[in-house]
Structures are given as structure tokens and as C-alpha cells.
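Now for the letters of each chain:
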Amino acid sequence: MEKKCFGSGAGTGQKLATRLVQSGVRFDQATGAVSVPIYQSATYRHPAPGETTGFDYTRINNPTREALEESFAALEGAKTAFSFASGMAAITAVMMLLEAGDHVILGEEIYGGTYKLMDWILSKYNISTSYVDVGDSAALEAAILPNTRAVLLESPSNPLLRSADIAAVAKLCKSHRVLTVVDNTLMTPYLQRPLELGADLVVYSATKFLGGHNDLLAGLVATNNQRLAGDLAVIQQGAGFVLSPQESWLLLRGMKTLAVRMDRQQENACRLAEWLNGHREVETVYFPGYNEVEVPGQADGPGAMISFSLKDAALAKEVVNRLQVITFAESLGGVESLITYPYLQTHADMPPETRQRLGIHERLLRLSVGIEDISDLQADLEQALTRK
Ligand SMILES: *Cc1c(COP(=O)(O)O)cnc(C)c1O
């Protein structure tokens, strides 16, 4: 099986790997600090009545946060980016663009937290939802109602890593005056740039690959639409769930190594997917590109997430107990390899019939592949998959 395992980070001008490292380097004009200073100040002295330094109060703006947001907008090829206290805060901010009475269509395989936000919280504000297979354009079009304002999708989906054609979804949405929002957490701009494919908004849990070290929570939103950017600025400042100066710095620092981390994680993932595919205890390997709905040219690589189902349900729990290098924990995208049991963890809140229909059952495990030596990861999985 031919697999493309390296993201080029293709774009105009400097390559993305270069721009990632350069993030913030020229930001601090006052001292030339190469690492952006952490401006740990809630407020700013005004020189005189009617005059400011450009900074008033940190909920409104903060130099460290501004360095992050400007750097990230450039990486994403967006006019504007906003940072938030978590990925869920970023998705909440996007949903605050809606009004009572609006309807949102979501991919049926959506992050569990997004499902809760929509159906447990925003439903109280009279925002309604439908869940569809966003890879099926006829089903998507049929789900569009007169009051549909937005479609939110993840591609690849989680945990089954199925790809939807983002450009096709965006085109369909545009013809119905519906916003396309892509949660690009699993790919990052290094591998996939939804705004270039026609999406109106791209959102991230920067907690995952962008931060990359399992040490922070953060969310990002980027857009080229100036009207949406204006509304998001009001929401970010008014609702106040901004990213702190410390976390802004930590995220900027983490992002610098995104290209090397992603290359290594993806290479490890490609090799593990291939190896798991031939393993006697493994029934199916889910890996972008192994699945039917792959979209040619959409992403520069498959990413570093693998899901796999075992032939025997009893073995799934034993595997997570026996692993010694790979940690049994929720979350993904960091340098440390993590294994998740979606049925009991990340997707426990999904309606049982949806889980059943999609194949998120007791035999499914999800692996977020880190940067460890591939031989140790493989040996760890081999011993864990061996019946004692
Ligand atoms: C983790 C995650 C989120 C939520 O992000 P937090 O930073 O945990 O709030 C949203 N979408 C996807 C795809 C995620 O993996």
C-alpha cells in the first residue's frame, strides 16, 4: 500500500515549517526578545486622558496573546485568528454567532464535547441540531432547512477517521447561504487548510497537536470573513473566555516544533498502521487513506491517529492494562503516545444507537501516536496484544 507520510506544509512564500519556527521571533520591538515575553499584566497605564499604548485591559487585548493570534492567522493563511481558554470555548464562541431559532448540521461522528455543547446547552437557547454523514452530499443537502445557519464537520472524523470532501461541503453550503465550519484539530494547518478549501471558519482544540505536549488547554478560531471576525472579536472580549498570557506563550512555544513533531508522529503512525493491519488479533485498522471516502489532494498526509478493532472484546481491556510505553489516557496529539477506549471514554455520551451504527463498540481502540522510537511502540503493542 502506497502511503504519503510527510506533510510539505505547502503554501506561498516561506514553507510552513519555517513560518512555524519564526512565530513571534520579531514580535517584541522594544527589546528584540526572540521568545515573546509573557505580559503578565491585567491592565495597562494610560499615558494621559484619551491616550493609550494600544493596550487597555487584558480581556480586550494582551501583547502575548496578540503575538499568538497574529502568528496563527499567518500560519492558517487567514486574515484574523482568535484564541480561547479551550477548544470547547472556541467552538462555543463560533456558536455564539448564531441566533435563537437557528439550526446547525453536524457530522454524526463529532467530538463528544461538541455534541454536549449543542444538545445539552445550546438547545436551551433554541438552537436546534441535525447529525448527518457529511461525506454523503445528498444526505447533507436533504438536511438543510430554511433556518440552517451552519454546518460543523471534522475531517477526518474521530474515532473512525473517515474523510469528508471539505471543498464539496463548502460549495454546497455556499449555495444555500450556510456557513461551513471545520474542526481541524486532528490535521492542523501543517496537513490541511480548510479555509483554502472554501470553509468560512476553522476551529481547533490547540490542546492537541498544536500545543503538542499534553501540558495546556487552548482553542483557536481563524477566518477570512471580516464580518464574522468583527462579531467574534465582540464575543471574545464580551464573553471573556480568552486565553491567558501564560498559556498563549506556552502554545506559541509548542507550535514552533509542530512540523518536526508531526513528521515523526505521522511516520510512526504509518508504520504502526501497517503493522497492526497484519496482526492476528486485529480485525480492522482505521487510518485516513485506508478508508473508502478518501479525498484526493485534500490533506498533505494521513496524520498520526489510528483506530483499530480487535477480534475479541475481552482483549481490549487487557491491552490497555498491559501497555507500558503507551499511556491509557484521553486526549491526543502530544509527543507521548496515548491509547483511548472510545466506547467508555471519549464517545460514552454518544447515543447508543449511533455508536452501534457507526461501529464504536467494545472492540475498538484509538491510538494517538507520539514521537517515541517506533521499535518501542511496536514492542509495547505486541506484548499487550499477546494472550498471557
Ligand atoms: C479535544 C477536542 C475538542 C475540545 O477541545 P478542548 O481543548 O478539550 O476544549 C474539540 N474538537 C476535537 C476534535 C477535539 O479533539
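Per an unreviewed UniProt entry, the protein is named Cystathionine gamma-synthase, and its organism is Dethiobacter alkaliphilus AHT 1.

Describing the overall build of the protein
Scanning the protein from N- to C-terminus turns up 13 helices and twelve strands. Here the protein has a C-alpha radius of gyration of 21 Å; the compact-globule value for 388 residues is 21 Å, and the two agree. Projected onto its principal axes, the C-alpha coordinates of the protein cover approximately 75 × 50 × 35 Å. Scored against the burial criterion, the 388 residues of the protein give a buried share of 55%. Of the contacts made within the protein by residues no fewer than 6 positions apart, 72% connect residues no fewer than 24 positions apart. A total of about 16,200 Å² of accessible surface is found on the protein, and carbon and sulfur atoms cover 52% of it. In the protein, the 34 positive side-chain charges and the 44 negative ones have mean positions that sit 2 Å from each other.

Here we look at the nonpolar core
With 64 residues, the main nonpolar core has Leu 251, Ile 306, Phe 308 and Leu 367 as its most contacted residues. No other element matches the nine residues that helix H10 (residues 258-277) contributes to this core. Per-domain counts for this core show at least three residues from each of domain 1 (16-256) and domain 2 (258-385). Those residues within four positions of Leu 251 in sequence are excluded, and the remaining contacts are Leu 68, Ala 206, Leu 210, Gly 211, Leu 216, Ala 218, Leu 220 and Leu 243. In terms of nonpolar packing, the next biggest core, distinct from the first, is built from 30 residues, Ala 90, Leu 98, Leu 152 and Val 203 among them.

Brief notes about helix H13 (residues 374-385)
Because the α-helix completes a turn every 3.6 residues, residues three or four places apart line up on one side. In this model H13 runs 16 Å from its N-terminal to its C-terminal C-alpha over twelve residues, within 8% of the 16 Å that 1.5 Å per residue would give. Tucked into the core, H13 has its buried residues touching H10, strand S9 (305-310), helix H11 (313-322) and strand S12 (364-368).

What about the UniProt feature "modified residue: N6-(pyridoxal phosphate)lysine" (unreviewed entry) in the protein?
Per the UniProt record, "modified residue: N6-(pyridoxal phosphate)lysine" (unreviewed entry) is found at Lys 208. Residue position: Lys 208 is located in the loop between strand S6 (201-205) and strand S7 (219-223). We classify Lys 208 as buried; its relative accessible area is 9%. Apart from the residues lying within four places of it in its own chain, the contact partners of Lys 208 are Tyr 111, Thr 185, Ser 331, Leu 332 and Gly 333.

Observations concerning the sheet that holds strand S11 (residues 338-340)
Strand order in the open sheet formed by five strands is S8-S9-S12-S11-S10, with mixed pairing between adjacent strands. Of all the strands in the sheet, just strand S8 (282-286) and strand S10 (327-328) have a single pairing partner and so form its edges. Two elements, S11 and S12, share three bridges in a ladder whose sense is antiparallel. By the bridge assignment for S12, Leu 338 is matched with Ser 368.

Digging into the pattern of salt bridges
Across all of its chains, the model carries 13 salt bridges by this definition. Here Arg 387 and Asp 312 are joined by a salt bridge, their closest N and O atoms 3.1 Å apart. Of the two residues, Arg 387 sits in the segment after H13 while Asp 312 sits in the loop between S9 and H11, which places them 75 residues apart along the sequence. It is possible to trace a salt-bridge network through shared partners that takes in Glu 108, Glu 109, Arg 162 and Arg 357.

As for the site of the ligand
Around the ligand, the structure places 13 residues, and the nearest of them are Met 88, Asp 183, Ser 205, Thr 207 and Lys 208. The separation between an oxygen atom of the ligand and a polar side-chain atom of Ser 205 is 2.8 Å. In this structure, an oxygen atom belonging to the ligand sits 2.6 Å away from a side-chain N or O atom of Thr 207. It is helix H3 (residues 87-95) that contributes the most residues to the shell around the ligand, three residues altogether. When grouped by side-chain class, the residues that make up the shell around the ligand number five nonpolar, five polar and three charged.

Some details on the sheet that holds S7
Read across the sheet, seven strands follow the order S1-S7-S6-S5-S4-S2-S3 without closing on themselves; strand pairing throughout is mixed. One side of each edge strand has no neighbouring strand; the edge strands of this open sheet are strand S1 (80-84) and strand S3 (128-132). Here the average twist between neighbouring strands, direction ignored, is 20°. Relative to S1, helix H8 (residues 226-239) is tilted by about 25°, and along the sheet it contacts S1, strand S5 (179-183), S6 and S7.

Quick look at the pairing of S3
Bridge count between strand S2 (residues 103-107) and S3: five bridges; the pairing is parallel. Bridging from a neighbouring strand, Ile 105 pairs with Ser 130 of S3. In this fold, the crossover linking S2 to S3 by way of helix H4 (residues 112-121) has right-handed handedness.

Structural notes on the side chain of Ser 86
Along the chain, Ser 86 falls in the loop between S1 and H3. Once residues lying within four places of it in the same chain are set aside, the contact partners of Ser 86 are Leu 217, Ala 218 and Gly 219.

Focus: the packing of aromatic side chains
On inspection of all chains with the given rule, the structure shows four aromatic pairs. Arranged with centres 5.3 Å apart and planes meeting at 85°, the rings of Phe 72 and Tyr 204 form a pair that is edge-to-face. You can see Phe 72 sitting in helix H2 (residues 63-76) and its partner Tyr 204 sitting in strand S6, a full 132 residues away along the chain. Taking 5.5 Å as the distance between ring centres and 80° as the angle between the ring planes, the aromatic pair formed by Phe 84 and Phe 241 counts as edge-to-face. Taken as a pair, Phe 84 in strand S1 and Phe 241 in the loop between H8 and helix H9 (245-255) lie far apart in primary sequence, 157 residues in all. Using a relative accessible area of 0% as the deciding quantity, one classes Phe 84 as buried. One Lys or Arg, Arg 355, reaches over the ring of Tyr 343 and ends 4.4 Å from the middle of that ring.

Parameters and conventions
Residues numbered from 1 in each chain as written. Predicted model: local features only at pLDDT ≥ 70, side-chain atom pairs only at ≥ 80, totals over all residues. Heavy atoms only, no water. Helix = DSSP H or I, 4+ residues; strand = E, 2+ residues; numbered from the N terminus. Rg over C-alpha atoms; globule rule 2.2 N^0.38 Å. Buried < 20%, exposed > 50% of the residue type's maximum accessible area, 1.4 Å probe, protein only. Contact = heavy atoms within 4.5 Å. Areas by Shrake-Rupley, 256 points an atom, 1.4 Å probe, with all protein chains shown as cover. Lys, Arg positive; Asp, Glu negative; His and termini not counted. Charge placed at Lys NZ, Arg CZ, Asp CG, Glu CD. Core = buried A, V, L, I, M, F, W, Y, C linked by side-chain atoms within 4.5 Å. Domains from an automatic or database assignment. Expected span 1.5 Å × (residues − 1). UniProt positions renumbered as here; feature names shortened; annotations may be inferred. Pairing = 2+ DSSP bridges. Salt bridge = Lys/Arg side-chain N within 4 Å of Asp/Glu carboxyl O. Near = heavy atom within 4 Å. Polar contact = N/O pair within 3.5 Å; in protein donor to acceptor, adjacent residues only side chain to side chain. Nonpolar A, V, L, I, M, F, W, Y, C, P; charged D, E, K, R; others polar. Axes fitted to C-alpha atoms, helices over the stretch in contact; angles between N-to-C directions. Right-handed = clockwise from strand over helix to strand, strands pointing away. Phe/Tyr/Trp six-rings, centres within 6.5 Å; stacked < 30°, edge-to-face > 60°. Lys NZ or Arg CZ within 6 Å of the ring centre and 35° of its normal.

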